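Coordinates in review
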Amino acid sequence: SLEGSNFKKRLSLLGSTGSIGTQTLEIVDACPDNFVVDALSAGTNAKLMAEQVLKYKPKVASLATPEAAAELKQLLKDAGCADMPDIVFGDEGILEAATVSTADTVVTGIVG
């Protein structure tokens, strides 16, 4: 159990909407004092990514396609997102999420 631990990890989570990603976020939820989510990347599930962005407030949110990125931006605007992340897409977006300067740990749950 991590309860009572005093460490703080800053995460970049690649594949946040998949099985590994959602399970990682469950750990973040269970130990909110120990984790900060600095970047999220996912495939094309803009709806779930929007929910994650609103909850975890990352600096970077990356999706696979420009269409999914545009959908995410609109969903966040419609939800009144006050802390809009840098919304990126494609391989460059994954790279930006993976190398966000504030994260000290990258969790990879993507294929390839």
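Computed from a prediction, not measured in an experiment: that's the story for all the values here. Every chain is numbered independently, its residues counted from 1 as its sequence is written. Reporting in this predicted model follows two pLDDT cut-offs: at least 70 for local features of residues, and 80 or more for side-chain atom pairs to be given and counted; totals over whole chains, interfaces and linings ignore these cut-offs and use all residues. Each side-chain value is derived from all of the structure's non-hydrogen atoms; neither hydrogens nor water enter the calculation.

**With respect to the overall build of the chain**
- A helix here means a DSSP run of H or I that spans at least four residues, while a strand means a run of E at least two residues long, and both kinds are numbered starting from the N terminus. Helix and strand counts for the chain come out as four helices and five strands.
- Listing the helices and strands of the chain from first to last along the sequence gives β-α-β-α-β-α-β-α-β.
- The globule rule used here is 2.2 Å times the number of residues to the 0.38 power, and the radius of gyration it is set against is calculated over C-alpha atoms. Here the C-alpha radius of gyration of the chain, 13 Å, is about what a compact globule of 112 residues would show, namely 13 Å.
- Once the C-alpha set of the chain is aligned to its principal axes, its extents read approximately 40 × 35 × 25 Å.
- Sorting the 112 residues of the chain into buried and exposed places 38% on the buried side.
- Whether two residues are in contact is decided by their heavy atoms, any of which lying within 4.5 Å being enough. Residue pairs in contact within the chain that sit at least 24 positions apart in sequence constitute 65% of those at least 6 positions apart.
- For the chain, the centre of its 9 positive side-chain charges and the centre of its 15 negative side-chain charges are spaced 5 Å apart. Summary of the burial criterion: residues with accessible area below 20% of their type's maximum are buried, those above 50% are exposed, and those between are partly exposed, where the area comes from a 1.4 Å probe applied to protein chains only. Note that His is not counted, nor are the chain ends; the positive residues are Lys and Arg, and the negative ones are Asp and Glu. Every charge is mapped to an atom, namely NZ of Lys, CZ of Arg, CG of Asp or CD of Glu.

**Description of the packing of helix α1 (residues 19-30) against helix α2 (residues 46-56)**
- The axes are straight lines fitted to the C-alpha atoms, using for helices just the contacting stretch, and the angles between their N-to-C directions are given from 0 to 180°. With their axes 13 Å apart at the nearest point, α1 and α2 run at an angle of 20° to one another. Taken together, the axes of α1 and α2 are roughly parallel relative to one another. The hand of the α1/α2 crossing is left-handed. On the side of α1, the interface is formed by T22, L25, V28 and D29, while α2 contributes L48, Q52, K55 and Y56.
- Residues of the contact of α1 with α2, tallied by class, amount to four nonpolar, two polar and two charged. Put simply, angles under 35 degrees are roughly parallel, angles over 145 are roughly antiparallel, angles from 65 to 115 are roughly perpendicular, and the rest are oblique. The sense of a crossing depends on the near helix, which, turned anticlockwise from the far helix by less than a right angle, makes the crossing left-handed and, turned clockwise, makes it right-handed. Note on residue categories: nonpolar means Ala, Val, Leu, Ile, Met, Phe, Trp, Tyr, Cys or Pro, charged means Asp, Glu, Lys or Arg, and polar means any other residue, Gly included.

**A few points about helix α4 (residues 90-98)**
- Taken residue by residue, α4 has G90, G93 and A97 as its buried positions. Looking straight down α4, one finds that the buried residues subtend no more than 35° of arc, so they occupy a single side. Along α4, exposed side chains directed more than 90 degrees from the buried face belong to D91, E92 and L95.
- On its buried face, α4 sits against β1 (9-14), β2 (35-41), β3 (60-63) and β4 (86-89). Read the arc as the range of directions from the helix axis to the C-beta atoms.

**A short note on the packing of α2 against helix α3 (residues 66-78)**
- Between α2 and α3, the least distance of the axes is 9 Å, while the angle of their chain directions is 45°. Classified by the interaxial angle, the pair formed by α2 and α3 is oblique. When you trace α2 past α3, the crossing you get is right-handed. Together, A46, K47, M49, A50, V53 and L54 of α2 and A68, E71, L72, L75 and L76 of α3 make up the contact between the two elements.

**Concerning the nonpolar core**
- In this description, a nonpolar core means a group of buried Ala, Val, Leu, Ile, Met, Phe, Trp, Tyr and Cys residues linked to one another through side-chain atoms lying within 4.5 Å. Counting 22 residues, the largest nonpolar core has V28, M49, L63, L72 and L76 as the members making the most contacts within it.
- Elements that contribute at least two residues to this core include exactly β1, α1, β2, α2, β3 and α3.
- Ranked by residue count, the leading element in this core is α2, at five residues.
- In this structure, L72 is in contact with A46, M49, A50, A61, L63 and I87, ignoring residues within four places of it in sequence.
- Core analysis: the second largest hydrophobic core is formed by seven residues, L14, V60, V88 and A97 among them.

Limitation: the analysis is restricted to geometry and does not speak to function.
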